[in-house]
Structures are given as structure tokens and as C-alpha cells.
Amino acid sequence: MGESLVHSHECQRVKIGGRADLIHLIKRIPTQFAVGYDIQSVELDERKRYIEVKTTISSKPLHFNKVHLTPNEWNTASTLKDRYYVYRLMISKTEKKLFLIQDPVGLYKKDLIEMVPKDGADITFSTNKAEIGNFEELLTWVD
């Protein structure tokens, strides 16, 4: 569900940015391909954006600022650097929160986020520091 919402968000982001001609480049990647990200998207200047979606759906308060990346996801993030994003999505009965983290490995190397190696990487981050990432409104597709 989270990947579908983020795919729609990305299509709308590109459309709002005046580049509806690029929407066909935004693709969900089937899990069996194990490429280390869920969605291949595009920047408005046509550079690629690779997105790993981490979604939690709950009616109870949760730790929003923690995610787990598999070894493959962490290695892919290391290779793709600032082209790699983690989209942290939380959906509850009352709200949807989307937080974007660009280049998690780079942020870890700069001591801006915490990472514990645990069959990949357990990442803890602060949503109060602009250099770590930013909240975005979850966009929904509008024709």
C-alpha cells in the first residue's frame, strides 16, 4: 500500500513541477528483482531518483524515527549516494506523515543519523534537523 501511495505521490510531484512528460519514467520495481529500492523515479531535471519506501500503518503511536534497511538496501544506498532516498511513511486513522531522507549512508558518515548494523542497518534519525530530511505532504493523483 505504501509503495502505491508513494508512486502516486511521485507522479503528482513531477506533474506539479511542470514535467508531466516524465511520469512514464516513474516505476515500481518488483520485489523479486532485489535491486535495493522500491521505486525508480525522476528529478525534474531528468536525473534518476531511487526510493526505498518504509511504511507503517497503525492506529497506535509508533516510533516514526526508526527504520530498518536490509543489507542489499544499505549497499545500494552506499552506491547511489544522493540519488537514494528513504521515504518514511506512517499512516494512522487520523493522519499521514511522509518524511524524506536523502543519502542515508552519507548522513551516517557525517554523524547526522545513528546506524546500528543488524542484518543490514537499523537507522534512527531526528525529524527536527533540516539537514537530515524533510516532511512533505503526501500528494495524491489528480487528473
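Rules used in this analysis
Residues numbered from 1 in each chain as written. Predicted model: local features only at pLDDT ≥ 70, side-chain atom pairs only at ≥ 80, totals over all residues. Heavy atoms only, no water. Buried < 20%, exposed > 50% of the residue type's maximum accessible area, 1.4 Å probe, protein only. Helix = DSSP H or I, 4+ residues; strand = E, 2+ residues; numbered from the N terminus. Pairing = 2+ DSSP bridges. Axes fitted to C-alpha atoms, helices over the stretch in contact; angles between N-to-C directions. Contact = heavy atoms within 4.5 Å.

## Notes on the pairing of strand β4 (residues 66–69)
Where burial is concerned, the two faces of β4 differ: the one with Val67 and Leu69 is buried and the one with Lys66 and His68 is not. Pairing analysis gives four bridges linking β4 to strand β8 (residues 121–124), with the strands arranged antiparallel. Residue pairing for β8: His68 is matched across the bridge by Asp122.

## Notes on unusual backbone geometry
The phi angle at Lys81 is positive, at roughly 50 degrees, despite the residue not being glycine. Locating Lys81 in the fold gives a position in the loop between α2 (71–80) and β5 (84–91). Backbone geometry places Asp119, a non-glycine residue, at a positive phi of 50 degrees. Mapped onto the elements of the fold, Asp119 is located in the loop between β7 (114–117) and β8.

## Notes on the sheet that holds β7
Reading across from one edge, β4-β8-β7 is the order of the three strands in this open sheet, with antiparallel pairing throughout. Each edge of the sheet is formed by a strand with only one pairing partner; in this case those strands are β4 and β7. Each strand axis lies, on average, 20 degrees off the axis of its neighbour in the sheet, ignoring direction. Each of β4, β7 and β8 touches α2; the most contacted strand, β4, lies at about 90 degrees to it.

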